[in-house]
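Results of the structural survey
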Amino acid sequence: MREQLSFLIELQKVETQQSRVNIKKKELPNRILKLEEALAAFNVRVEEDRKKLDELERKHREDEEKLKRGNEGLKKTKERLLEVKTNREYQAILKEIETIERKNSEIEDEIISLLEEIDGIKVVLKTKEKELETHKQQYEQGKKKIEEEMSSLDADLLACEQRIHDYRMRINDDLLKRYETIKAVNNGLAVVSVWKEVCDGCHMNIQPQLYNELQKFSALLSCPNCNRIIYWYNKGENG
Ligand SMILES: [Zn+2]
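In short, a report on the structure. (Residues numbered from 1 in each chain as written. Predicted model: local features only at pLDDT ≥ 70, side-chain atom pairs only at ≥ 80, totals over all residues.)

**Quick notes on the overall build of the protein**
- Across its full length, the protein carries 4 helices and 4 strands.
- Listing the helices and strands of the protein from first to last along the sequence gives α-α-α-β-β-α-β-β.
- In terms of overall dimensions, the protein is more spread out than a globule: its C-alpha atoms have a radius of gyration of 41 Å, far above the 18 Å expected for 239 residues.
- With the C-alpha coordinates of the protein rotated into their principal frame, the extents come out at 130 × 35 × 30 Å.
- Long-range contacts, defined as pairs at least 24 residues apart, comprise 73% of the intrachain contacts of the protein with a sequence gap of at least 6. (Helix = DSSP H or I, 4+ residues; strand = E, 2+ residues; numbered from the N terminus. Rg over C-alpha atoms; globule rule 2.2 N^0.38 Å. Contact = placed C-beta atoms within 7 Å.)

**Examining the packing of helix H1 (residues 2-80) against helix H2 (residues 87-170)**
- Taken N-terminus to C-terminus, the directions of H1 and H2 make an angle of 165°; their axes are 6 Å apart at the nearest point. It follows from the interaxial angle that H1 and H2 lie roughly antiparallel. Between H1 and H2 lies a crossing whose hand is left-handed.
- Residue composition of the contact of H1 with H2, by class: 34 nonpolar, 11 polar and 32 charged. (Axes fitted to C-alpha atoms, helices over the stretch in contact; angles between N-to-C directions. Parallel < 35°, antiparallel > 145°, perpendicular 65-115°, else oblique. Left-handed = near helix turned anticlockwise from the far one by under 90°. Nonpolar A, V, L, I, M, F, W, Y, C, P; charged D, E, K, R; others polar.)

**Some words on the pairing of strand E1 (residues 191-195)**
- Examined bridge by bridge, E1 and strand E4 (residues 229-232) share 4 bridges and lie parallel to one another. Paired with Val 191 across the bridge in E4 is Ile 229.
- One ladder, built from 2 bridges, connects E1 with strand E2 (residues 198-199); its direction is antiparallel. From the neighbouring strand, Trp 195 faces E2, where its bridge partner is Val 198.
- What sits between E1 and E2 in their antiparallel hairpin is a turn of 2 residues, with Lys 196 showing a positive phi close to 55°. (Pairing = 2+ DSSP bridges.)

**Regarding the nonpolar core**
- Judged by nonpolar contacts, the single largest core of 17 residues is most densely connected at Leu 8, Val 194, Cys 199, Ile 229 and Ile 230.
- When contributions to this core are tallied by element, the ones reaching two or more residues are H1, helix H3 (173-185), E1 and E4.
- Among all residues touching Val 194, those that are not within four sequence positions of it are Cys 199, Asp 200, Ile 206, Tyr 211, Leu 214, Ile 230, Tyr 231, Trp 232 and Tyr 233. (Core = buried A, V, L, I, M, F, W, Y, C linked by C-beta atoms within 7 Å. Buried ≥ 20, exposed ≤ 12 C-beta atoms within 10 Å, placed from the backbone.)

**Details of unusual backbone geometry**
- Even without glycine at this site, Glu 197 takes up a positive phi of about 65°.
- Inspection of the secondary structure puts Glu 197 in the loop between E1 and E2.
- According to the C-beta neighbour criterion, Glu 197 is partly exposed, with 15 such atoms within 10 Å.
- Not every positive phi belongs to a glycine, and Phe 217 is a case in point at roughly 55°.
- Within the secondary structure, Phe 217 sits in the loop between helix H4 (208-214) and strand E3 (221-222).

**Describing the sheet that holds E2**
- Across the sheet, which stays open at both edges, the 4 strands sit in the order E2-E1-E4-E3 with mixed pairing between neighbours. Looking at the sheet topology across the chains shown, the edges are occupied by E2 and E3.

Structure (structure tokens):
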């Protein structure tokens, strides 16, 4: 009985470990997903700046084109001055020239401020692109680490399965059935230790008489409260 109990205890330990490893393994893809999301979010911010720069550069090209046309218009209007016959006509063209010059000057001002804005955003973008590179590297490293962890967990699981199989072969069928039945109604925990008369499964006290019995390892006993298979385990504290 002592040997069967020790197999049961080991089986419970390995199966508990197995479910812990499985839980951990399930979390890993989420962690990769979170890394991906963080990288994508940063990428979006860089992309926004790139779009802004494109927009400013497009506007700059348009303004340069507008200014070119404005200067051509100015030249043509000035040429018309040479052909005027009346003073009234002359005054009208001067006014026209003045309007064109004012407009051109406005475009020039806009170009200057656009160029300043473009320079500013280029500096910001350069820094952000460098940061993005760092983020990408961190992402790759993080992902690699998680994938390594995943393989290591797979190896752990394989080892668990092997050990579970071995213990199950050694435990007699009736006992195994009892173990499974208790496990099914107790969240996977069927075998628990008792120390200082306290059941580690339900944390309730057991009778001193049962506790004494337990320390003899002579029979397979159950906790009267939670019905789990119990065994005496010296936790090494005083008492
Ligand atoms: Zn209990």
